[in-house]
Amino acid sequence: MENSACHERCLKEKKDSMTELRAVRRMLLCGLCLCFVAPLVALPARAQSQKKSREEITIERLEAIHEIENLMSEYYWMHASDQMKDYLMAYHTPGARVTNDLHEQSMVQTEKNTSAKQGLDRDARRIEMRSSPGFLHVHLEASPVIELAADGNSARGSWISPGLEADPPGMKPAPAGQRTTVGYWAWAKLGAEFVKENGQWRIWHLHVYSLFMTPYDQSWAEADPNSEGGGPPASSGPPGGSRGQGSGGAAGAGAPGGSGGPPGSGGSPGAGGPQQEEEAPLDKSTLPISEKWLYTPTAVYPDAKPLPPAPYDTYQFDRSTSY
Amino acid sequence: MEISGNSSAVRGVVLSGMMGAAALLFLFSSASAQTKPAQSGSDRQASLTLRLDRLQAVRDVQNLMSRYTYYQSAAMQDETIALFAQHTPGTRVEMLWGVYDGLDSVKKCYKLDHLQHSDLKKRAGVMQIDTLTTPIIQVAGDGKTAKGVWMSPGLDSTVVDGKPSAKWAWTKYGADFVKEDGAWKIWHLHIYGIFLTDYHKSWADGPQLKYDASYAGLIGPQMHNDRPPTTSWTFSADTVFPDDQPSIPQPYQTFDEKTAY
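Residues numbered from 1 in each chain as written. Chains lettered and ligands numbered in written order. Predicted model: local features only at pLDDT ≥ 70, side-chain atom pairs only at ≥ 80, totals over all residues.

Examining the overall build of chain B
- When its secondary structure is counted, chain B shows six helices and eight strands.
- The secondary structure elements of chain B, listed N-terminal to C-terminal, are α-α-α-β-β-α-α-β-β-β-β-β-β-α.
- Residues counted as buried form 33% of the 261 residues belonging to chain B.
- Intrachain contacts of chain B at a sequence separation of at least 6 include 63% that bridge at least 24 residues. (Helix = DSSP H or I, 4+ residues; strand = E, 2+ residues; numbered from the N terminus. Buried ≥ 20, exposed ≤ 12 C-beta atoms within 10 Å, placed from the backbone. Contact = placed C-beta atoms within 7 Å.)

Below, the structure is given as structure tokens:
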């Protein structure tokens, strides 16, 4: 009896033990399930909190347009006092470029071309050249049209830019008998495309479409279209408009923005000729159309240089409409 | 029983551990969901309202300054004075010939040292137009103040001794703004010169008419400014364009007097 009772007790204890173990196993499984389920339960809450309301999206888009207008204005404030503008450009986005129709040329900028050393070199040159008195390049931004892509990843804008310039004596060789410092009217239109880099809007593409450049006392209707807008003959034309940076292209009186070539073009100060060092030939199919246009009494005003941006969903390059 | 007792304890520990882990995971997930933005519903609404107010401020400030130039071109001095902060300390205007400190001086500036709207005899033949372009406007993160700069191509037409005189008058504007009773007002206004030249003369030719204290002499025999101008740059062949007149406003949280225009 004792043996039998002991056997039964042992069996019962073993059974209880197995039951407990199964219970523990079930608990383990339940616990594991909870661990997986808890984040899943939290995710909808997270998604809900991250989902932007219509109001938030609208606010964000309006803030972007304001930042872009400030950005373009800052570019030309910097241009007026000839300060570095590199930080305003989207150098870390492939295909960043500046195009100047006076030169019928695009300058494609890459991160490689804005290495720290080159940047410092340019800065040093600029600081040195800024001591040159008599330099005045004031280009204004008026009539803005700014469109932000529906996807919010890019933006496009156009401006009409009245402006004027003056260059220091000797910078702009003058024909015999003329004064060496000349004041110019310099009007242009601007087209620009923007992207965000590290949360900041930057100028990705800047295109300067010339209208006219003429000495202050000469009508734009009398300007010689073959002489960079009525200034001194092209053969003796000035270097790029910005002190300290070669035009990187043809000699020109330097229309806004494109004058002096894009930051990082590597031009040497005062050098008017081509200076595209370290740059491979450009594939024109990837660049916007750039054709010099200057007002003459027989010229037809171009309607698509640039076309003001229309609302769009996602940026797509198009040679005829991209800036 | 001993085994059974241990199992119960183990079960309790495991169950508690698992529940604790699940709770922690839930909390972590929820917390990370709140990290950006880390706001409750009311905070989020307050943030949206502030962002909307700041966007509205950009438009209001631009309109305010455009009204200023519009009123000035028509010598509407009472309307001009109303654009300035009326009870915020430190209201100031710096004209090309001098500084007017405080609202009373600002009133003197426009009522005594400018043409008056009702003086049709003196206003005959006068057309002074400043336009505002190339704006950079920054509204403080706290939404209480704003700063802006503009480039201003303009013209100045007067009649001197019976002879008409037309000049190009290009300047720059820097201004601080403050909200008073829900409306944006000009707090500090500073006008900086670029060049002033007869319309038929090049800005590159010298000597130019100077944008400095002597400019007052072109306007009237006795001006009522409190002190001389703090800036007096005018372009000429021997000057370098200043890069800090005015300084370009950068994003900021609260107003700093050191950056005042």
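From this point, things continue past the structure.
Describing unusual backbone geometry
Residue and element names in this part refer to chain B.
- Put simply, Gln-245 and Pro-246 share a cis peptide bond, and its omega is 0°.
- Position of Pro-246 relative to the elements: it lies in the segment after helix H6 (216–219).
- Its identity as a non-glycine residue notwithstanding, Asp-161 has a phi of 50°, on the positive side.
- In this structure, Asp-161 sits in the loop between strand S6 (154–160) and strand S7 (163–180).
- Backbone geometry at Asp-181 places phi at a positive 50°, although glycine is not the residue there.
- One can find Asp-181 in the loop between S7 and strand S8 (183–198).

Considerations on the packing of helix H2 (residues 54–80) of chain A against helix H2 (residues 41–73) of chain B
- Where H2 of chain A meets H2 of chain B, the axes come as close as 10 Å, and the angle between the chain directions of the two elements is 35°. In the packing of H2 of chain A onto H2 of chain B, the handedness of the crossing is left-handed. Counted together, Glu-55, Glu-56, Ile-59, Leu-62, Glu-63 and His-66 of chain A of H2 of chain A and Leu-48, Arg-51, Leu-52, Leu-55 and Val-58 of chain B of H2 of chain B form the full contact between these two elements.
- Among the residues forming the contact of H2 of chain A with H2 of chain B, the class breakdown is six nonpolar, one polar and four charged. (Axes fitted to C-alpha atoms, helices over the stretch in contact; angles between N-to-C directions. Left-handed = near helix turned anticlockwise from the far one by under 90°. Nonpolar A, V, L, I, M, F, W, Y, C, P; charged D, E, K, R; others polar.)

With respect to the confidence of the model for chain B
- With 82% of its residues at a pLDDT of 70 or more, chain B shows a mean pLDDT of 87.
- Model confidence for the complex: the whole-complex pTM is 0.76, and ipTM, which rates the interface, is 0.81. (pLDDT = per-residue confidence, 0-100.)

A look at H2 of chain B
- With 33 residues, H2 of chain B should cover 48 Å at 1.5 Å per step; its first-to-last C-alpha distance of 48 Å lies within 8% of that length.
- For H2 of chain B, the complete set of buried residues consists of Arg-54, Ala-57, Val-58, Val-61, Leu-64, Met-65 and Tyr-68 of chain B.
- The secondary structure elements touched by the buried residues of H2 of chain B are H2 of chain A together with helix H3 (77–82), strand S4 (133–139), strand S5 (145–152), S7 and S8 of chain B.
- Directly beyond the C-terminal end of H2 of chain B, a positive phi value near 55° is found at Ala-75 of chain B. (Expected span 1.5 Å × (residues − 1).)

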